[in-house]
Amino acid sequence: MLFCDNKSAICLASNPTHHERSKHIDIDHHFIREYVQSKVVKLVHVKSQHQVADVFTKALPGPVFGKFIAKLGMINIYSPT
């Protein structure tokens, strides 16, 4: 299962028809599309507020950042004990 918060990306990967807007997509998109069609990979939508991977790629508000860090089980090794 591959979790994604982008519904458009899920539709593009799941739909075998060639769209005019998607003709210049990188080769990795077509690679994923083949795996989705052969049912090796299943794309599942997850709401943005539950996308834990955002902690590595985006600037998040403090409470959201803290929640995601706790979910990942990460600790601050520099915090005073």
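About the cut-offs
- Residues numbered from 1 in each chain as written.
- Predicted model: local features only at pLDDT ≥ 70, side-chain atom pairs only at ≥ 80, totals over all residues.
- Heavy atoms only, no water.
- Helix = DSSP H or I, 4+ residues; strand = E, 2+ residues; numbered from the N terminus.
- Contact = heavy atoms within 4.5 Å.
- Areas by Shrake-Rupley, 256 points an atom, 1.4 Å probe, with all protein chains shown as cover.
- pLDDT = per-residue confidence, 0-100.
- Buried < 20%, exposed > 50% of the residue type's maximum accessible area, 1.4 Å probe, protein only.
- Patch = residues over 30% accessible without salt bridge, like charges linked within 9 Å, V, L, I, M, F, W, Y side chains within 5 Å.
- Salt bridge = Lys/Arg side-chain N within 4 Å of Asp/Glu carboxyl O.
- Core = buried A, V, L, I, M, F, W, Y, C linked by side-chain atoms within 4.5 Å.

On a plain count of helices and strands, the protein comes out with four helices and two strands. The secondary structure elements of the protein, listed N-terminal to C-terminal, are β-α-α-β-α-α. Long-range contacts, defined here as pairs at least 24 residues apart, represent 44% of the contacts in the protein between residues at least 6 apart. About 6,600 Å² of surface is accessible on the protein, with carbon and sulfur atoms providing 61% of the total.

Of all residues in the protein, 81% have pLDDT values of 70 or greater, and the mean over the chain is 81. The least confident element of the protein is helix α1 (residues 7-14), whose mean pLDDT is 76; the most confident is helix α4 (residues 62-72), at 91.

Moving on to unusual backbone geometry. A positive phi angle, close to 65 degrees, is found at Lys39, a residue other than glycine. Of note, Lys39 is situated in the loop between α2 (27-37) and β2 (43-45). When its relative accessible area of 72% is taken as the criterion, Lys39 is described as exposed.

As a further point, take a nonpolar patch on the surface. A surface patch of nonpolar side chains, amounting to about 290 Å² of accessible area, comprises Phe31, Tyr35 and Val40. Its place among the elements puts Val40 in the loop between α2 and β2.

So, on to the nonpolar core. One broad trend across soluble globular proteins is that nonpolar side chains are buried collectively. By size, the foremost hydrophobic cluster in this structure holds five residues: Cys4, Ile10, Ala13, Val36 and Leu43. Residues in contact with Val36, not counting those within four places in the same chain, are Ala13, Ser14, Val41 and Leu43.

Once that is clear, we can look at the side chain of Asp54. The residue Asp54 is located in helix α3 (residues 54-57) in this model. Since its relative accessible area comes to 9%, Asp54 is described here as buried.

Another point: the environment of Leu2. Mapped onto the elements, Leu2 comes out in strand β1 (residues 2-4). The spacing of Leu2 and Lys42 is 40 residues in sequence and 6.0 Å in space, taken between C-alpha atoms. In this structure Leu2 touches Val41, Lys42, Leu43 and Val44, once residues within four positions along its chain are discounted.

Following the sequence through the fold, Tyr35 ends up in helix α2. Of the residues examined, Tyr35 reaches a relative accessible area of 31% and is grouped as partly exposed. Counting along the chain gives 22 residues from Tyr35 to Ala13, while the straight-line C-alpha distance between them is 9.2 Å. If near-sequence neighbours (up to four positions away) are discounted, Tyr35 is found in contact with Val40 and Val41.

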